[in-house]
Amino acid sequence: MYSVRLFAVRHSRFFEALYNFVNPAILATLRGITRVFGKKLDAPITAAEAGLKGLLFDCQMCGNCALSKTGMSCPMNCPKTIRNGPCGGVRANGMCEVKPEMRCVWVAAWDGASRMKDGDAIKSVEFAVDHRDKGRSTWLKLAREDMKQDN
Amino acid sequence: MSSTDIDVGKVGTNPGDPLPRLEGHVSHGRFERVLKAGHFAVTTEIAPPDSADPDEVLVRAAMFDGYVDAINATDGSGAHCHMSSLAVCAILTRLGYSPILQISCRDRNRISIQGDTLGAAALGVCNVLCLTGDDVGAGDHPEAKPVFDLDSISLAQTIRTMRDKKTFLSGRKLDLEPRLFIGSSINPFVPPIENRADQLAKKIASGAEYIQSQYCFDMPVLKDFMSRARDLGLTEEAFIIIGVGVLPSAKTAKWMRSNVPGVHIPDDIIRRLEQAEKPKLEGRKICAEIMQQLKEIDGVAGAHVMAYRQEQWVGDVVKRSGVLGDRKPWAPEKTDTTIGTVS
Ligand code: SF4
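This section reports on the structure supplied with the text. (Residues numbered from 1 in each chain as written. Chains lettered and ligands numbered in written order. Predicted model: local features only at pLDDT ≥ 70, side-chain atom pairs only at ≥ 80, totals over all residues. Heavy atoms only, no water.)

Turning our attention to the interface of chain A and chain B. Frequently, the measure chosen for interface size is the accessible area removed from exposure when the parts meet. Contact with chain A, which involves 28 residues of that partner, is made by 27 residues of chain B. Buried area between chain A and chain B, both sides added, is near 2100 Å², and the carbon and sulfur share of it is 58%. Counting across the chain A and chain B interface gives 0 salt bridges. Here chain A and chain B share 14 residue pairs in polar contact (both at pLDDT 80 or more) between them. In terms of residue class, the side of chain A that touches chain B is built from 14 nonpolar, 8 polar and 6 charged. (Contact = heavy atoms within 4.5 Å. Buried area = accessible area lost by both parts, 1.4 Å probe. Salt bridge = Lys/Arg side-chain N within 4 Å of Asp/Glu carboxyl O. Polar contact = N/O pair within 3.5 Å; in protein donor to acceptor, adjacent residues only side chain to side chain. Nonpolar A, V, L, I, M, F, W, Y, C, P; charged D, E, K, R; others polar.)

Let's shift gears to helix α2 (residues 12-37) of chain A. Largest kink in α2 of chain A: about 35°, centred on Val-22 of chain A, with the proline Pro-24 of chain A one to four residues after it. Within α2 of chain A the residues assigned to the buried category are Ser-12, Phe-15, Glu-16, Asn-23, Leu-27, Leu-30, Arg-31 and Thr-34 of chain A. (Bend = angle between axes of the 7 residues up to and from the residue. Helix = DSSP H or I, 4+ residues; strand = E, 2+ residues; numbered from the N terminus. Buried < 20%, exposed > 50% of the residue type's maximum accessible area, 1.4 Å probe, protein only.)

Close contacts around the ligand come from Cys-78, Pro-79, Lys-80, Ile-82, Pro-86, Cys-87, Val-90, Cys-96, Glu-97, Cys-104 and Val-105 of chain A, and that covers them all. Among the residues making up the shell around the ligand, the classes are represented as 9 nonpolar, no polar and 2 charged. (Near = heavy atom within 4 Å.)

Okay, the side chain of Thr-70 of chain A next. As for its placement among the helices and strands, Thr-70 of chain A is situated in the loop between α3 (42-57) and α4 (105-115). Overall, the relative accessible area of 3% leaves Thr-70 of chain A in the buried class.

Under the definition given, this model contains 30 salt bridges over all chains. Taking the shortest distance from any N to any O, the salt bridge between Arg-103 of chain A and Asp-111 of chain A comes out at 3.1 Å. Arg-103 of chain A gets classed as partly exposed once you look at its relative accessible area, which sits at 25%. Judged by relative accessible area, which is 24%, Asp-111 of chain A ranks as partly exposed. Among the ionic pairs, Arg-108 of chain B bridges to Asp-75 of chain B, the shortest N-O distance being 2.8 Å. Taken together, the residues Arg-108 of chain B in the loop between β3 (99-104) and α4 (110-122) and Asp-75 of chain B in the loop between β2 (70-73) and α3 (85-94) connect sequence positions 33 residues apart. There is no split in this pair, since Arg-108 of chain B and Asp-75 of chain B are both buried. A network of salt bridges, in which partner residues are shared, links Arg-160, Arg-163, Asp-164 and Glu-209 of chain B.

For the coordinates displayed, the defined rule picks out 8 aromatic pairs over all chains. On the basis of an interplanar angle of 75° and a centroid distance of 5.4 Å, the ring pair of Phe-14 of chain A and Phe-15 of chain A is categorised as edge-to-face. On the accessibility criterion, Phe-15 of chain A (8% relative accessible area) is buried. Above the face of the Trp-330 of chain B ring, Arg-30 of chain B is positioned so that its terminal group lies 3.9 Å from the ring centre. For Arg-284 of chain B, the ring lying beneath its charged end belongs to Trp-313 of chain B, and the centroid distance is 3.5 Å. (Phe/Tyr/Trp six-rings, centres within 6.5 Å; stacked < 30°, edge-to-face > 60°. Lys NZ or Arg CZ within 6 Å of the ring centre and 35° of its normal.)

To continue, consider unusual backbone geometry. Here the bond from Gly-85 of chain A into Pro-86 of chain A is cis, since omega is 5°, no more than 30 degrees from zero. Looking at the secondary structure, you find Pro-86 of chain A in the loop between α3 and α4. Looking along the chain, the bond that leaves Pro-191 of chain B and enters Pro-192 of chain B is cis, with omega of -5°. For Pro-192 of chain B, the location among the structural elements is in the loop between β5 (181-186) and α6 (196-205). Positive phi values are uncommon outside glycine, yet Met-61 of chain A reaches one of about 55°. Mapped onto the secondary structure, Met-61 of chain A falls in the loop between α3 and α4. By relative accessible area, which is 9% here, Met-61 of chain A ends up buried. Positive phi, normally seen in glycine, also occurs at Met-72 of chain A, with a value near 70°. Note on placement: Met-72 of chain A falls in the loop between α3 and α4.

The following block contains the structure:
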């Protein structure tokens, strides 16, 4: 939801802290689930991630989550899906070139990042998304990457 | 560098043959040479024709002869269909011009872009400008599917990979890498103004070696931006070329301000045009004055003159500004350049 999304950016520092706190727990749980159930529970886990992140950030489930590096503003809401924004078309009032009724996702991102402890992460260059991951869970991906490293 | 500084003897027999690549240069092109020699460069934009006529391209380019160091061939700018940037560049390189291939991410995915990059280099193109591109809704085919597989920064990384690692993004080897001088754009005049220098840093980190900016009509904002860029050491890492515009009237200026994304024109410029007896002349004077001021700013490496539908005046503003000093940019010999129309 748009208003919740703006709220998340305004409170990016809180969400960053929350994320840093719960993320290891989520990943540990998912590793446990994977060990016991394999991939059987992927669909409900993905749906849960989509529901929660959708509500908070208007997450588009790109499968390459970058929220911690984008001031808690989901870059996939940018009509040009820019991963290193903003573009040069931002309106003087900070609204999006393409959707004048929406605050530019990347104006929000730099703003959110300025409040985050690790906000400088936005300064690192992100390569384009892997389109094969669309609709997949980033949490499961990260959990399984950890498992591969552990093995 | 005047045209005579280039050892013509070492150049092939055709004007479009590549120049030898100088020590410390990434491309074979003249544009990179001008910048690396420390000259204040002037670039401009050619409007690709709505036509299959190659002569139309040459006629439009000839208007800039002797005044510009490179010519940007726009890529479906404003999301409108025109002759492709690659084709315009290929026509221009035949005569030895230094075109800048603009690649927008709106219409092509990474497979197509990498193919075009190789093709462009094979056709003698030495410069590329990486752009994200305008939204399709801005153009005459709003029903088209926007691609945006990459963004401008990923695009610069892609070309850098091809050139410096000699591979496609997939890792597959290239037999001969595209020797392109890589550029990117920046708009210091729209929000988030306080982060635009940081974004410039990202563009440079992604591989941009020169930058061309959006229209500059607001000196204080630019000076602020440049001082941040200098503080971050960015002016040492890339050549920063600032965009300037030729405004024909207050009416057009106002229209551009409200309809062209990313164009910022302060009220005092509009007032000047309104009050001028000859607004067209005033517009050219404004442009020339801004160019003179740019030349004084530490770290500004050149001016990019955008004169859409006023291309015939580019030479006039460059002359008026005096930014070239006594340097005359290379231009092809005046010959019959007719390629002939395919009909
Ligand atoms: S203005 Fe912002 S949200 Fe809109 S297209 Fe540009 S970068 Fe994306």
